[in-house]
Amino acid sequence: MEKKFLFLCLIVAFFMYPSQSNAISVPCSLILEPVDKSLTNAKGEALIYKVQLNPPSFARTNISILAVHLPETSSYGDYDSYEGFAFIPKEISWRFRLYPTPEEDSPTWAGRFDSITAEMENVEVQVRLSNSKTEKLGPSILTSSINYCK
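Since the model is a prediction, treat every value here as computed from it, not as a measurement.

## As for the overall build of the chain
Stage number 1. The helix and strand tally for the chain stands at one helix and eight strands.
Stage number 2. When its helices and strands are written in sequence order, the chain yields α-β-β-β-β-β-β-β-β.
Stage number 3. The long-range fraction of contacts in the chain, counting pairs at least 24 apart against all pairs at least 6 apart in sequence, stands at 57%.
Stage number 4. For the chain, the accessible surface area stands at approximately 9,900 Å², while carbon and sulfur atoms represent 57% of it.

## Quick notes on the pairing of strand S8 (residues 136–145)
A regular strand carries its side chains on alternate faces of the sheet.
Stage number 1. One ladder, built from two bridges, connects strand S1 (residues 28–34) with S8; its direction is antiparallel. Looking across to S8, one finds that Pro-34 is bridged to Leu-142.
Stage number 2. The pairing of strand S7 (residues 124–131) with S8 spans seven bridges and is antiparallel. Bridge pairing links Asn-131 to Lys-136 in S8.
Stage number 3. Linkage of S7 to S8, two consecutive antiparallel strands, is achieved through a turn of four residues, within which Glu-135 is found at a positive phi near 60°.

## As for the pairing of S1
Stage number 1. Here S1 pairs with strand S2 (residues 43–51) via five bridges, running antiparallel. Residue pairing in the sheet places Leu-32 in a bridge with Gly-44 of S2.

## Thoughts on the pattern of salt bridges
Stage number 1. Per the stated rule, a full pass over the model turns up four salt bridges.
Stage number 2. Here Asp-80 and Lys-133 are joined by a salt bridge, their closest N and O atoms 3.6 Å apart. Separated by 53 residues along the polypeptide, Asp-80 in the loop between strand S3 (60–68) and strand S4 (81–88) and Lys-133 in the loop between S7 and S8 bring together distant segments of the chain.
Stage number 3. Take Lys-133: its relative accessible area is 71%, and that puts it in the exposed class.

## Focus on the confidence of the model for the chain
Stage number 1. In the predicted model, the chain carries a mean pLDDT of 84, and the fraction of residues at 70 or more is 83%.
Stage number 2. Per-element confidence in the chain is highest for S7, whose mean pLDDT is 96, and lowest for helix H1 (residues 2–16), whose mean pLDDT is 52.
Stage number 3. Below pLDDT 50 for its whole length, residues 14–22 participates in four contacts with residues either more than four positions away or in separate chains.

## What about the packing of aromatic side chains?
Stage number 1. Following the criterion strictly, the structure yields three aromatic pairs and no others.
Stage number 2. An angle of 35° between the planes, with centres 5.5 Å apart, marks the rings of Phe-85 and Phe-87 as tilted.
Stage number 3. The ring of Phe-85 carries the charged tip of Arg-128 above its face, separated from the ring centre by 4.9 Å.

## Here's the deal with the sheet that holds strand S6 (residues 109–116)
Stage number 1. The strand order S1-S2-S3-S6-S5-S4-S7-S8 describes a closed barrel built from eight strands, whose pairing is antiparallel. Taking each pair of neighbouring strands and ignoring which way they run, the sheet shows an average axis angle of 30°.
Stage number 2. Inspection of the sheet shows S4 paired to S7 by seven bridges, in the antiparallel sense. Paired with Phe-85 across the two strands is Gln-126, which belongs to S7.

## Considerations on the environment of Asn-147
Stage number 1. Locating Asn-147 in the fold gives a position in the segment after S8.
Stage number 2. Taking C-alpha positions, Asn-147 is 6.6 Å from Asn-122, a pair spaced 25 residues apart along the chain.

What counts, and at which threshold
Residues numbered from 1 in each chain as written. Predicted model: local features only at pLDDT ≥ 70, side-chain atom pairs only at ≥ 80, totals over all residues. Heavy atoms only, no water. Helix = DSSP H or I, 4+ residues; strand = E, 2+ residues; numbered from the N terminus. Contact = heavy atoms within 4.5 Å. Areas by Shrake-Rupley, 256 points an atom, 1.4 Å probe, with all protein chains shown as cover. Pairing = 2+ DSSP bridges. Salt bridge = Lys/Arg side-chain N within 4 Å of Asp/Glu carboxyl O. Buried < 20%, exposed > 50% of the residue type's maximum accessible area, 1.4 Å probe, protein only. pLDDT = per-residue confidence, 0-100. Phe/Tyr/Trp six-rings, centres within 6.5 Å; stacked < 30°, edge-to-face > 60°. Lys NZ or Arg CZ within 6 Å of the ring centre and 35° of its normal. Axes fitted to C-alpha atoms, helices over the stretch in contact; angles between N-to-C directions.

Take a look at the structure:
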């Protein structure tokens with residue numbers, strides 16, 4: 001009788017257990033692909049993971065972006081830099097500056113944002129043009145969905 005009861009409990013638990021949500025498991029990374037397919041060398045990577053900030057508090061989510069072989073910012077108009085931009089459609093967005101390295105031909109752009117408290121579901125991650133003086137955000141150059149995070 002006890003074995004039947006245990007078996008019945010296991011069957012009930014199996015069917016009652018909630019299915020996986022759309023939330024990702026962290027850490028994970030995703031490849032940022034160019035919006036304009038003619039930018040064949042432009043690529044980026046976003047690393048998403050939990051960080052513990054000082055002084056100790058609850059864990060937050062970090063998004064770090066590294067992007068390479070991006071076009072000259074001025075070739076798109078009145079832009080002088082790139083920004084990381086992540087958003088949950090119709091809910092919230094985060095933007096943070098990407099900084100260039102001093103390489104000669106084409107700098108590597110990198111930056112991070114450490115203070116995300118929202119659940120990371122249905123998030124889009126982008127590298128976008130920016131005007132650092134007017135804070136005008138331009139079009140997306142690289143993009144990917146967190147659903148592709150591995």
